[in-house]
Amino acid sequence: NAGVTQTPKFRILKIGQSMTLQCTQDMNHNYMYWYRQDPGMGLKLIYYSVGAGITDKGEVPNGYNVSRSTTEDFPLRLELAAPSQTSVYFCASRPTGHNTEAFFGQGTRLTVV
Amino acid sequence: AQSVSQHNHHVILSEAASLELGCNYSYGGTVNLFWYVQYPGQHLQLLLKYFSGDPLVKGIKGFEAEFIKSKFSFNLRKPSVQWSDTAEYFCAVNVSNSNYQLIWGAGTKLIIKP
């Protein structure tokens, strides 16, 4: 199993540009998450999904959009990049149920200049 | 609102020193508890987890954590650290009224001096 795969690993965007961060998992997990990690701030939840076709906002959704057309894929879209979106982004997946752990992708380091 | 507190943002130790990283959560119901580790330049990996049963859980690389329900705590310990333990450590909690959400602490950066 590849687990959770994120692409790209690094990206530099100019202010106002858009991009999609890709996330795919091959573990047939229903739950998927997008987090951003800023220094000293821990992980902040951007969006999550409890299954194909179902998404919801997390703690910091502004400036982002997601879709979940399949169980495997959960892309994160930045429409108008801003410097405040400079961060490391992690995708995670988790099986359904209370007693389960999350599996993380390698992360995408995004810089907006 | 539920929250997770990690008391130390930065910890510096010498090799062979003992380690204890604090984690407290605010939620009165049933919880599942996790410690994740992030080595420099890498993604988060599970170190250990508590779901039920023996409150002293053992994880990988000699780490252990103790769940003390009365103190709402899940502190991480290691008797003798190594240089390779240099990493950032995150505590996370899954509360019983939310199957899908994990609540994360801010993380503790651990630096081990050789």
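Predicted model only: the values in this text are computed from it and were never measured.

Enquirer: Can you walk me through the overall build of chain B in this structure?
Expert: Check the secondary structure of chain B and you find 0 helices and 12 strands. Along chain B, from the amino end to the carboxyl end, the secondary structure elements read β-β-β-β-β-β-β-β-β-β-β-β. Computed over the C-alpha atoms, the radius of gyration of chain B is 14 Å, within 12% of the 13 Å expected from 2.2 N^0.38 for a compact globule of 114 residues. Projecting the C-alpha coordinates of chain B onto the three principal axes gives extents of approximately 45 × 30 × 20 Å. Within the span of chain B, comprising 114 residues, buried residues form 48% of the whole.

Enquirer: Even after reading the chapter, I still don't get the layout of surface pockets, so can you show me in this structure?
Expert: Which parts of space are left empty comes out when a probe the size of a water molecule is rolled across the atoms. Space inside the largest pocket adds up to approximately 620 Å³. Going through the elements one at a time, strand S4 (31–38), strand S9 (87–94) and strand S11 (108–112) of chain A together with strand S10 (87–95) and strand S12 (108–113) of chain B are the ones with two or more residues in the lining of the largest pocket. For the lining of the largest pocket, the element with the highest residue contribution is S11 of chain A, accounting for 4 residues. Residue composition of the lining of the largest pocket, grouped by class: 12 nonpolar, 13 polar and 5 charged.

Enquirer: Got a minute to help me understand the pattern of salt bridges in this structure?
Expert: Pairing between side chains of opposite charge can happen when the charged atoms of each approach one another. Inspection of the entire model under this criterion finds 9 salt bridges over all chains. A salt bridge links Glu 59 of chain A to Lys 44 of chain A; the shortest N-O distance between them is 3.5 Å. Residue Glu 59 of chain A is located in the loop between strand S6 (54–57) and strand S7 (64–66), and its partner Lys 44 of chain A is located in strand S5 (residues 42–51); the two are separated by 15 residues in the primary sequence. Glu 59 of chain A gets classed as exposed once you look at its relative accessible area, which sits at 52%. Ionic pairing is found between Lys 78 of chain B and Asp 85 of chain B, a salt bridge with its closest N-O pair at 2.9 Å. Judged by relative accessible area, which is 1%, Asp 85 of chain B ranks as buried. A single network of salt bridges, built from pairs that share partners, joins Lys 58, Glu 64, Glu 66 and Arg 77 of chain B.

Enquirer: When you look at the interface of chain B and chain A in this model, what are you seeing that I'm missing?
Expert: Bring the parts together and some accessible area is lost; that lost area is often taken as the interface size. Listed by partner, the interface residues are 24 residues for chain B and 22 residues for chain A. Of the roughly 1900 Å² buried between chain B and chain A, counting both surfaces, carbon and sulfur atoms make up 54%. Applying the counting rule to chain B against chain A returns 1 salt bridge. At the surface where chain B touches chain A, the tally comes to 6 residue pairs in polar contact (both at pLDDT 80 or more). Taken together, the elements giving at least two residues each to the side of chain B that touches chain A come down to strand S5 (31–38), strand S6 (45–50) and S10 of chain B. Of the residues forming the side of chain B that touches chain A, the biggest block, 5 residues, is contributed by S5 of chain B.

Enquirer: It is not clear to me how the side chain of Ser 93 of chain A should be interpreted in this structure. Could you clarify?
Expert: All names here are of chain A. Considering the arrangement of structural elements, one finds Ser 93 in strand S9. With a relative accessible area of 0%, Ser 93 lands in the buried category. At 2.7 Å, the side chain of Ser 93 forms a polar contact with the side chain of His 29. Residue contacts for Ser 93: discarding those within four places in its chain leaves Val 4, Gln 25, Met 27, His 29, Tyr 31, Met 32, Glu 101, Ala 102 and Phe 103.

Enquirer: Sorry, what's going on with unusual backbone geometry here?
Expert: Cis geometry marks the peptide bond from Thr 7 of chain A to Pro 8 of chain A; its omega dihedral reads -5 degrees. Among the secondary structure elements, Pro 8 of chain A is positioned in the loop between strand S1 (4–7) and strand S2 (10–13).

Enquirer: Explain the pairing of S4 of chain A here, please?
Expert: In summary, the side chains of a regular strand alternate between the two faces of the sheet. All names here are of chain A. Taking burial as the measure, the 8 residues of S4 include 8 buried ones, the bulk of the element. Residues Tyr 31, Tyr 33, Tyr 35 and Gln 37 line one face of S4 and the alternating positions Met 32, Trp 34, Arg 36 and Asp 38 line the opposite face, and both faces are buried. Bridging between S4 and S5 involves 7 bridges; their strand directions are antiparallel. Paired with Arg 36 across the two strands is Lys 44, which belongs to S5.

Enquirer: Help me out: how do you make sense of the sheet that holds S1 of chain A in this one?
Expert: Residues and elements named next belong to chain A. One open sheet accounts for 4 strands, arranged S1-S3-S8-S7; its pairing is antiparallel. The strands lining the two open edges of the sheet, one partner per strand, are S1 and S7. Across the sheet, the mean angle separating the axes of adjacent strands is 20 degrees when strand polarity is ignored. Inspection of the sheet shows S1 paired to strand S3 (residues 19–25) by 4 bridges, in the antiparallel sense. Pairing of Gln 6 across the sheet is with Cys 23, part of S3.

Parameters and conventions
- Residues numbered from 1 in each chain as written.
- Chains lettered and ligands numbered in written order.
- Predicted model: local features only at pLDDT ≥ 70, side-chain atom pairs only at ≥ 80, totals over all residues.
- Heavy atoms only, no water.
- Helix = DSSP H or I, 4+ residues; strand = E, 2+ residues; numbered from the N terminus.
- Rg over C-alpha atoms; globule rule 2.2 N^0.38 Å.
- Buried < 20%, exposed > 50% of the residue type's maximum accessible area, 1.4 Å probe, protein only.
- 1 Å grid on protein atoms, 1.4 Å probe; cavity = no way out; pocket = protein on both sides within 12 Å on 5 of 7 lines; lining within 4 Å.
- Points joined across faces, edges and corners; volume = space filled by probe spheres on them.
- Nonpolar A, V, L, I, M, F, W, Y, C, P; charged D, E, K, R; others polar.
- Salt bridge = Lys/Arg side-chain N within 4 Å of Asp/Glu carboxyl O.
- Contact = heavy atoms within 4.5 Å.
- Buried area = accessible area lost by both parts, 1.4 Å probe.
- Polar contact = N/O pair within 3.5 Å; in protein donor to acceptor, adjacent residues only side chain to side chain.
- Pairing = 2+ DSSP bridges.
- Axes fitted to C-alpha atoms, helices over the stretch in contact; angles between N-to-C directions.

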